[in-house]
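Okay, here's what each chain looks like letter by letter:
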Amino acid sequence: MNTPPSPSGAEHAHGSSVRLGALVPLTRPGWVEAGRHLLAGLDLAVREVNDAGGIDGRPLELVVRDTAADPERAAAAVDELAGLGVAAVAGEYHSVVARAAAARADALGVPFLCSSAVLDALTEEPTEWVARLAPAQSHGWRIYADFLLGAGRRHIAVATQPGVYWASGIRVLRDHLAPRGGTVFELDANALTPEGLCDALVDHGATALLLLVGHPEPAVPIVRAVRGDRRLAEVLIGAPAGQPEFAEWAAALGEDGAGIPFLRYLPERLGPLGERVGKELRERLGEAPSFVAFEGWDAVAVLAAVLRCHGTDRAAIAESWPRVAVEGSRRPIQFSRTPGISVWQWAWTPIQVVDRDPAEPDHFRILHAG
């Protein structure tokens, strides 16, 4: 479904507002909790921009479209938003969906600031129209691989499902671990039952199992099976894609969901701006904000700064990416060209490997930082 414009701008006449498109997964099979956090960050930042006078006196309006993790739906939403006259599009959490949105934005000449998706090949060819806040997968997942090596985990099993994002992650892990004495072997989560997967882990002598699968199915049943198998008591379960970040994970798994390291894009300590934004987000969400909520806030902060300096002309916005210098909620934000990355990239957002503390599952432990 298409959601109506956010209240942060809906009360103003369309002709008087500056419109931003927002792509967010709000219904299944999209990761709805991630979408809720992303939208909270986007909407909070829009309200703050308007409270400070908007864009040269004009209110900023957020026009939200639900992607439901569907690439075709996202591409159609970009078409619709372009027709509605948005100055730029922001958001999206799922990498394959963001890739479809980026391709369409590039084709139409609409600036797209991708907040949360990490797939390296966000576009097939280099483009001036797309910038990204989230770290590229090849960067973040190499940091995760270094964590595995530091923890003495060199024989790595990956429970995986078909998909560009998962396949790309496996390549990153294998390419980084192999020269350092690590091995990576794949277990098809669609072909194996959770119990069969446990047997395969024993047969292969795995020291770690990484969950490169969807949530809650089949991730939750796999975790339960591994946690309940005494033969695998010493096997580390990991989830580099970040499934344990959200409260939904803890609610589904309880204590079994703790001690599973994942990637999180936050600094060890937030500065004053980040602390204030985090407090506001917590009040909106009724729970601790994930890094995805901060990504949403930062996306609007960047676009608002660009709009104030360069106006609403789409080409001028796209041309401004290399000149962006914005105080983000997590660190100052600037974009550059990064080898192997086809879009303007913030290089790099802070990256942590964290887990839920087994002694206190509602709290996170920082295990490694990159």
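Please refer to the structure placed before this passage.
As the structure is a prediction and not an experimental result, all values here were calculated from the model.

Looking now at the overall build of the protein chain. Looking only at helices and strands, the protein chain features twelve helices and 16 strands. Whereas a compact globule of 370 residues would reach a radius of gyration of roughly 21 Å, the protein chain reaches 20 Å, a difference of no more than 12%. C-alpha extents for the protein chain along the principal axes are approximately 65 × 40 × 35 Å. A burial count over the protein chain gives 58% of its 370 residues as buried. Counted over contacts in the protein chain with a minimum sequence separation of 6, partners at least 24 positions apart contribute 70%. Here the protein chain holds 34 positive side-chain charges and 46 negative ones, and the gap between their average locations is 3 Å.

In total, this model carries 15 salt bridges according to the counting rule given. Among the charged side chains, a network of salt bridges with common partners joins Asp43, Arg47 and Arg284.

Once that is clear, we can look at helix H2 (residues 32–51). Each turn of an α-helix holds 3.6 residues, which means side chains three or four residues apart point in the same direction. With 20 residues, H2 ought to run about 28 Å at 1.5 Å a step, and its terminal C-alpha atoms sit 28 Å apart, in line with that. The buried fraction of H2 is high, at 15 of 20 residues. Backbone geometry just downstream of H2 places glycine 53 in the positive-phi region, at approximately 110°.

Okay, the nonpolar core next. Leu42, Leu60, Leu113, Val302, Trp321 and Phe335 are the most contacted members of the largest nonpolar core, which has 79 residues in total. The element that contributes the greatest number of residues to this core is helix H11 (residues 291–310), accounting for 13 residues. Not counting residues within four places of it along the chain, the set of residues in contact with valine 302 comprises Leu113, Leu133, Trp321, Val324, Val326, Ile333 and Phe335. Ala206, Leu209, Val226 and Leu253 belong to the second largest nonpolar core, which has 26 residues in total.

As paired strands, strand S6 (residues 155–160) and strand S7 (residues 183–188) are joined by six bridges and run parallel to one another. The residue of S7 that forms the bridge with valine 158 is glutamate 186. A crossover connection joins S6 to the parallel S7 through helix H6 (residues 164–177); in handedness this β-α-β unit is right-handed.

Take the side chain of arginine 264 next. Structurally, arginine 264 can be placed in strand S10 (residues 262–264). For arginine 264, which is buried and forms no salt bridge, the nearest opposite charge comes from glutamate 245, at a distance of 4.4 Å. With residues near it in sequence (within four places) discarded, arginine 264 still touches Glu245, Phe291, Pro350, Ile351, Gln352, Val354, Phe364 and Ile366.

At their nearest, the axes of helix H5 (residues 137–150) and H6 sit 9 Å apart, and the two run at 50° to each other. When the axis of H5 is compared with that of H6, the two are oblique. Note on packing geometry: the crossing formed by H5 with H6 is right-handed. For the pair H5 and H6, the contacting residues are Gln137, Ser138, Trp141, Arg142, Ala145, Asp146 and Leu149 in the first and Tyr165, Ser168, Gly169, Val172, Leu173, His176 and Leu177 in the second.

Once that is clear, we can look at unusual backbone geometry. Residue arginine 28 is joined to proline 29 through a cis peptide bond whose omega torsion reads 5°. Note that proline 29 resides in the loop between strand S1 (18–24) and H2. Along the chain, alanine 347 connects to tryptophan 348 via a cis peptide bond; the corresponding omega equals -5°. We note that alanine 69 has phi near 60°; this positive angle belongs to a residue other than glycine. As for its position among the elements, alanine 69 is in the loop between strand S2 (60–66) and helix H3 (71–83). One non-glycine residue, glutamate 92, lies in the positive phi region at around 75°.

Next up on the list: the sheet that holds strand S5 (residues 130–132). Taking strand neighbours across the sheet as the criterion, the seven strands line up as S2-S1-S3-S4-S5-S14-S13 in an open arrangement whose pairing is mixed. In this open sheet, the two edge strands, each paired with only one partner strand, are S2 and strand S13 (335–336). As paired elements, S13 and strand S14 (residues 344–346) share two bridges and run antiparallel to each other. Note that in S14 the partner of serine 336 across the bridge is glutamine 345. In the packing of H2 onto the sheet, contacts are made with S1, S2 and strand S3 (88–91), and the angle to S2 comes to roughly 165°.

Right, let's talk about the environment of glycine 91 for a bit. One can find glycine 91 in strand S3. The spacing of glycine 91 and proline 218 is 127 residues in sequence and 26 Å in space, taken between C-alpha atoms. Once residues lying within four places of it in the same chain are set aside, the contact partners of glycine 91 are Leu23, Leu38, Phe112, Leu113, Cys114 and Ser115.

Glancing now at the packing of aromatic side chains. For the coordinates displayed, the defined rule picks out eight aromatic pairs. When the ring of tryptophan 31 is compared with that of tyrosine 93, the centres are 5.7 Å apart and the planes differ by 85°; the resulting orientation is edge-to-face. Taken as a pair, tryptophan 31 in the loop between S1 and H2 and tyrosine 93 in the loop between S3 and helix H4 (95–108) lie far apart in primary sequence, 62 residues in all. Each of the two residues, tryptophan 31 as well as tyrosine 93, counts as buried. Consider the rings of phenylalanine 262 and phenylalanine 364, whose centres lie 5.9 Å apart with planes at 80°: the pair is edge-to-face.

Reading the values: rules and limits
Residue positions are counted from 1 within each chain, in the order its sequence is given. Local features in this predicted model are restricted to residues whose pLDDT is 70 or higher, and side-chain atom pairs enter the listing and the counts only when it is 80 or higher, whereas totals over whole chains, interfaces and linings include all residues. Hydrogens and water are ignored here; the side-chain numbers use all heavy atoms of the structure. Only DSSP runs of H or I reaching four residues or more are called helices, and only runs of E reaching two or more are called strands; each is numbered from the N terminus. For the radius of gyration, the atoms used are the C-alpha atoms, and the globule rule reads 2.2 Å times the number of residues raised to 0.38. With a 1.4 Å probe rolled over the protein chains alone, any residue whose accessible area is under 20% of its type maximum counts as buried; one over 50% counts as exposed, and the rest are partly exposed. Note on definitions: a residue-residue contact is assigned when non-hydrogen atoms from the two residues lie within 4.5 Å. Asp and Glu count as negative and Lys and Arg as positive, but His and the ends of the chain are not part of the count. To locate a charge, take atom NZ for lysine, CZ for arginine, CG for aspartate or CD for glutamate. Basic side-chain nitrogens of Lys or Arg form a salt bridge, by our definition, when they fall within 4 Å of a carboxyl oxygen of Asp or Glu. Here, expected helix span is obtained from the residue count minus one, scaled by 1.5 Å. Only buried residues count toward a nonpolar core, which is a set of Ala, Val, Leu, Ile, Met, Phe, Trp, Tyr and Cys residues joined through side-chain atoms within 4.5 Å. Here, a strand pair is defined by DSSP locating no fewer than two bridges between the strands. Handedness rule for crossovers: strands pointing away from the viewer, path from the first strand over the helix to the second running clockwise, crossover right-handed. Between N-to-C directions, angles cover 0 to 180 degrees, with each direction set by a line fitted to C-alpha atoms, over the stretch in contact for helices. For this classification, under 35 degrees means roughly parallel, over 145 means roughly antiparallel, 65 to 115 means roughly perpendicular, and everything else is oblique. Two helices cross in a left-handed way if the nearer one is turned anticlockwise from the farther one by less than a right angle. They cross in a right-handed way if the turn is clockwise. Whether two aromatic rings pair depends on their centres lying within 6.5 Å, for rings of Phe, Tyr and Trp, where Trp uses its six-membered ring; planes under 30 degrees apart make the pair stacked, over 60 edge-to-face, and the rest tilted.

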